[in-house]
Amino acid sequence: MIDEQTGPPDFTAALPASFGQQRLWFLSNADPHAHLAYHMLGGVRVHGRLDLDRLEEAIGAVVQRHEVLRTTFRHHAGELWQVAHPRLSFSLTRADHRDAAAATVDEAIAAEAGRPFDLAAGPLIRATAITSGPELHTLILALHHAICDGWSLAILLGEITAHYRALSAGQLSDLPPLPIQYADYAVWQRNRLTSGALDGQISYWRTQLADLPALPLPAGNHAASSFAGGRLHRRLGPALTADLTALVRAEGTTPHAGLIAAVTTLLRGLTGVADVPVGTAVAGRHHVDVERLVGFFVNTLVIRTDHTGDPTFRQLLGRVGDTCLDAYANQDVPFERLVAELRPRRSPSGNPFFHVMVTLQNQPAAVLDLPGLRFEALPPMARFSPFPLDFVFRETGVDGLSCDLDYHTATFAPELVERMWEVFATLLAAAVANPDQPLTELLPDLLLADQIAAAEPAPSPVRLPAAAALREHPLVDDAVVVLREDVLTAYVTGTARPDELLAHLAERLPGADLPVVVELDVLPRTATGDVDLDALPAPYAEPRTELESTIAGQWRELLRTAEPIGIHDDFFDLGGHSLLAVRAMAELGDTLGVELPVNLILESPTIARLSVHLGTVEYRPAAEIKRLPRVLGGTR
């Protein structure tokens, strides 16, 4: 059982959501497209005479067995609560396509992928049976990621089969009772964090991710907010898979570490950055009580790879292998909590630590075995992607490793992704064949040259004579002038005082608008050496209205700072993160007596922009939330 000393959950109130659920709720509400990237789709094609009424009853039994499948979410005062309903009246959607073309099945799957879920109203699980003939059906399961992960899909299909078999025999299923439910795990997870049990792991990540550089994406507009995704499916082949496996085993590491080393080598070559962070997923099911539980357990780890010193592939394998082992040993800190603790500088358009995900999926497959029926697993379905680039490798037995390379279609053209894969496959084969050759010797002929840029072009500063005039001052080392929030701002390094600089500009540029001067020790630079305009601090401007003063005061309390907050300061640059953003909108909404959407602070992250937006939109009064009793349903 999960830590009996923590005591049973309080069944008189709605229970807090897990940290992972909090983040998915935030992302789903923050961007009109994001929720589509967090749909879990699974399906099987069934050959034989399938009883749809019995199938519906079997799915309903599984929904009743797993409380999380009957859960909805309520948000109040900056906190997210999960409310488990005693029962859920489940119905199977049935579509008769016997007279339709085969392509309509794919169209139906695509339509299901694009149907949104309402996290507050539910249900967060849907099932559709598409009948193409008297003995040919396609079952599609769709769930929101907040109640399900990839491992859970296999559990669901296996348990649906078990209940169908029992119903066919007029019996109850022989599935053992579940020791806990997902909400119990969420409370246990929170208790571990508040008790200090994970302080050592948090300390590891604080050190490991210190001064993490921003990795520019190759040839992409990764500021685009659309999560519409494309997928390139390829195989590495049995020979290359066998050679990679033999090499990594000889080096005492894993195929997963080898794939991360190869992908980050590709990124190293495309971006010119030697400190390359990528993300990876772990199942988060190392406690025996959650192995057979449906829910959102998967956690995200940041793997920071070191390509300095022109390593060979063998040397890089050692580095990456050690980094992965350390990351696995510290995997219990929820990614959402890591963001809250480290407060990385972030943008609403991307992950705060990485842009590229590399995963090797090896979760157990569902056991589907029913008399008179033959099952054919459908390939993984994805129409939307949460990451600009997501390398999802799978073990396929004798056919070797396969890869689904998911990508943002707003960021990458299909032909670029195809070329990127070709470069990756060629690079991996060369590295495995020549593991003691410096990787830089393998890269030059493989780079995409004109097709993929070395790094994302940095935005150009405003071309104003003020910058050149400032650099003429003997006490100025460097200067850049930008127009930010309609405020002309000069960022200057050196020892000159602001009043001296303004007098200098007035003399050199008579009649010109004079900028606000911000003194810096050094101008922030991108990996390509250009001034990083996004990293420049906003010029301070004090609140002008009562509303702006109210917002500034609330932000100071939330961010725990005594420093004045100006109306052009960015909430996230000040240390805000997703959980604080939720609280900020909740507190401001309480003050104004309205319900504010959380995406408002992402679209308008400064006080000036936020106050303007609030003055142009009419919001509905905030609804009171009641803490509902949590009643456990049956476990059979």
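Please read all numbers here as calculations on a predicted model, not as lab measurements.

Definitions and cut-offs
- Residue numbers here run from 1 along each chain, matching the order of that chain's written sequence.
- Only residues with pLDDT of at least 70 are given local features in this predicted model, and only at 80 or more are side-chain atom pairs given and counted; all residues enter the totals for whole chains, interfaces and linings.
- To obtain the side-chain values, all non-hydrogen atoms of the structure were used and water was disregarded.
- Helix and strand assignments follow DSSP, with helices taken as H or I runs no shorter than four residues and strands as E runs no shorter than two, numbered in order from the N terminus.
- Here the expected span of a helix is defined as 1.5 Å times the quantity of residues minus one.
- Relative accessibility thresholds used throughout: buried, under 20% of the residue-type maximum; exposed, over 50%; partly exposed, between the two (1.4 Å probe, protein chains only).
- Salt bridges are identified by distance alone: a Lys or Arg side-chain nitrogen within 4 Å of an Asp or Glu carboxyl oxygen.
- Only buried residues count toward a nonpolar core, which is a set of Ala, Val, Leu, Ile, Met, Phe, Trp, Tyr and Cys residues joined through side-chain atoms within 4.5 Å.
- Should any heavy atoms of two residues lie within 4.5 Å, those residues are counted as being in contact.
- Whether two strands pair depends on DSSP finding at least two bridges between them.
- Orientation is described by lines fitted to C-alpha atoms, with helices fitted over the stretch in contact, and by angles between N-to-C directions that extend from 0 to 180 degrees.
- Residue-level confidence of the predictor is summarised by pLDDT, bounded by 0 at the bottom and 100 at the top.
- Here the term charged refers only to Asp, Glu, Lys and Arg, the term nonpolar to Ala, Val, Leu, Ile, Met, Phe, Trp, Tyr, Cys and Pro, and the term polar to all other amino acids, Gly among them.
- Each direction from the helix axis to a C-beta atom contributes to the arc, which is the arc of those directions.
- Whether two aromatic rings pair depends on their centres lying within 6.5 Å, for rings of Phe, Tyr and Trp, where Trp uses its six-membered ring; planes under 30 degrees apart make the pair stacked, over 60 edge-to-face, and the rest tilted.
- Comment: the charge-over-ring label is applied if NZ (Lys) or CZ (Arg) is within 6 Å of the ring centre and within 35 degrees of the ring normal.

Let us now look at helix α15 (residues 546-559). The end-to-end C-alpha distance of α15 is 20 Å, a good match for the 20 Å that 14 residues give at a rise of 1.5 Å each. Listed in full, the buried residues belonging to α15 are Glu548, Ile551, Ala552, Gly553, Gln554, Trp555, Leu558 and Leu559. Of the residues one or two after α15, arginine 560 is the one with positive phi, at around 55 degrees.

Taken as a whole, this structure holds 26 salt bridges when the rule is applied. Here glutamate 418 and arginine 234 are joined by a salt bridge, their closest N and O atoms 2.6 Å apart. Linking glutamate 418 in helix α11 (residues 414-433) with arginine 234 in strand β8 (residues 229-235), this pair joins segments that are 184 residues apart in sequence. Overall, glutamate 418 belongs to the partly exposed group, its relative accessible area being 24%. Residues participating in the shared-partner salt-bridge network are Asp53, Glu56 and Arg94.

To continue, consider the nonpolar core. The biggest cluster of nonpolar side chains holds 86 residues, and the ones touching the most others in it are Leu69 and Trp555. Beyond its immediate stretch of four places on either side in the chain, tryptophan 555 contacts Ile565, Asp569, Phe571, Leu574, Ala584, Ile601, Pro605, Thr606, Ile607 and Leu610. Grouped together as the second largest cluster of nonpolar side chains are 68 residues, Leu259, Ile303, Cys324 and Ala327 included.

Turning our eyes to something else, we now look at the environment of arginine 471. By the element assignment, arginine 471 lies in helix α13 (residues 465-471). Separated by 22 residues in sequence, arginine 471 and threonine 493 have C-alpha atoms that sit 9.6 Å apart. Contact partners of arginine 471, with chain neighbours within four places excluded, come to Val476, Asp478 and Ala479.

Attention shifts here to the sheet that holds strand β2 (residues 39-47). The 5 strands are arranged β5-β6-β7-β2-β12 in an open sheet whose pairing can be described as mixed. Here the strands that pair on one side only, and so sit at the sheet edges, are β5 (93-96) and β12 (374-377). The sheet shows a mean angle of 20 degrees between the axes of neighbouring strands, taken without regard to direction. Pairing analysis gives 8 bridges linking strand β6 (residues 125-133) to strand β7 (residues 136-144), with the strands arranged antiparallel. Of the residues in β7, the one forming a bridge with alanine 129 is leucine 139. Helix α2 (residues 52-65) contacts β5, β6 and β7 of the sheet and is inclined by roughly 160 degrees relative to β6.

Below, the discussion takes up the confidence of the model for the protein. The predicted model of the protein averages 81 in pLDDT, with 84% of residues at 70 or higher. Contacts of residues 220-225 to residues separated by more than four positions or lying in other chains number 14 contacts, the stretch itself having pLDDT below 50. Long-range and interchain partners of residues 622-629, a stretch whose pLDDT sits below 50, account for 18 contacts in this model, where long-range means more than four residues apart.

It is at 10 Å that the axes of helix α6 (residues 199-208) and helix α9 (residues 313-329) come closest, and there the two elements cross at 145 degrees. Here α6 contributes Gln201, Tyr204, Trp205 and Gln208 to the contact with α9, which in turn contributes Thr323, Asp326, Ala327 and Ala329. Partitioning the contact of α6 with α9 into residue classes produces 4 nonpolar, 3 polar and 1 charged.

Moving on to the pairing of strand β10 (residues 299-306). For β10, a buried count of 7 out of 8 residues is recorded, marking the element as mostly surrounded by other parts of the structure. Of the strand pairs in this sheet, strand β9 (residues 275-282) and β10 are connected by 8 bridges, and their pairing is antiparallel. By the bridge assignment for β10, valine 276 is matched with threonine 305.

This next bit is on the side chain of threonine 489. Its location among the elements puts threonine 489 in strand β16 (residues 487-494). Not counting chain neighbours up to four residues away, the residues in contact with threonine 489 comprise Val480, Val481, Val482, Pro515, Val516, Val518 and Pro539.

This part is about the environment of phenylalanine 90. Locating phenylalanine 90 in the fold gives a position in the loop between β4 (79-84) and β5. Residue class for phenylalanine 90 comes out buried when judged on its relative accessible area of 15%. Considered as a pair, phenylalanine 90 and valine 63 are 27 residues apart in the sequence and their alpha carbons are 7.9 Å apart. Residues contacting phenylalanine 90, with those up to four places away along its chain left out, are Glu56, Ile59, Gly60, Val63, Ile125 and Ala127.

So, on to helix α7 (residues 238-250). A rise of 1.5 Å per residue sets the reference length of α7, with its 13 residues, at 18 Å; its end C-alpha atoms lie 18 Å apart and thus fit the reference within 8%. Of the residues making up α7, those classed as buried are Leu240, Thr241, Leu244, Thr245, Leu247 and Val248. Viewed end-on, α7 has its buried residues packed into an arc of 165 degrees, placing them on one side of the element. Residues Ala239, Arg249 and Ala250 are exposed on α7 and point more than 90 degrees away from its buried face. Lining the buried residues of α7 we find α8 (255-271), α9, β14 (401-408) and α11. Trailing α7 by a residue or two, glycine 252 shows a phi angle of about 75 degrees, which is positive.

Per the stated rule, a full pass over the model turns up 13 aromatic pairs. The interplanar angle of 80 degrees and the centroid separation of 5.8 Å between the aromatic rings of phenylalanine 335 and phenylalanine 353 together place this pair among those described as edge-to-face. Of this pair, phenylalanine 335 sits in helix α10 (residues 335-342) while phenylalanine 353 is found in the loop between α10 and β11 (356-361), placing the two residues 18 residues apart along the sequence. On the accessibility criterion, phenylalanine 335 (3% relative accessible area) is buried. Grouped by ring-pair contacts, the aromatic residues Tyr182, Tyr185, Trp188 and Phe297 constitute a single cluster. It is arginine 126 that lies over the ring of phenylalanine 117; its NZ or CZ is 3.9 Å from the centre. The cationic tip of arginine 190 hangs over the ring face of phenylalanine 19; the distance from NZ or CZ to the ring centre is 4.5 Å.

Before going further, it helps to spend a moment on the pairing of strand β13 (residues 389-395). In terms of burial, β13 is a largely internal element, 6 of the 7 residues being buried. With antiparallel pairing between neighbouring strands as the criterion, β13 and β14 make up a hairpin whose turn holds 5 residues, including glycine 397 at a positive phi of roughly 75 degrees.

Our next topic: unusual backbone geometry. A cis amide bond links glycine 122 to the next residue, proline 123, at an omega of -10 degrees. Its place among the elements puts proline 123 in the loop between α3 (103-113) and β6. Of note in the backbone geometry, aspartate 310 takes a positive phi value of approximately 55 degrees without being a glycine. Looking at where aspartate 310 falls in the secondary structure, it is placed in the loop between β10 and α9. Here arginine 560, not a glycine, exhibits a phi torsion of approximately 55 degrees, which is positive. One can find arginine 560 in the loop between α15 and α16 (578-592). Classification of arginine 560 by relative accessible area gives exposed; the value is 75%.

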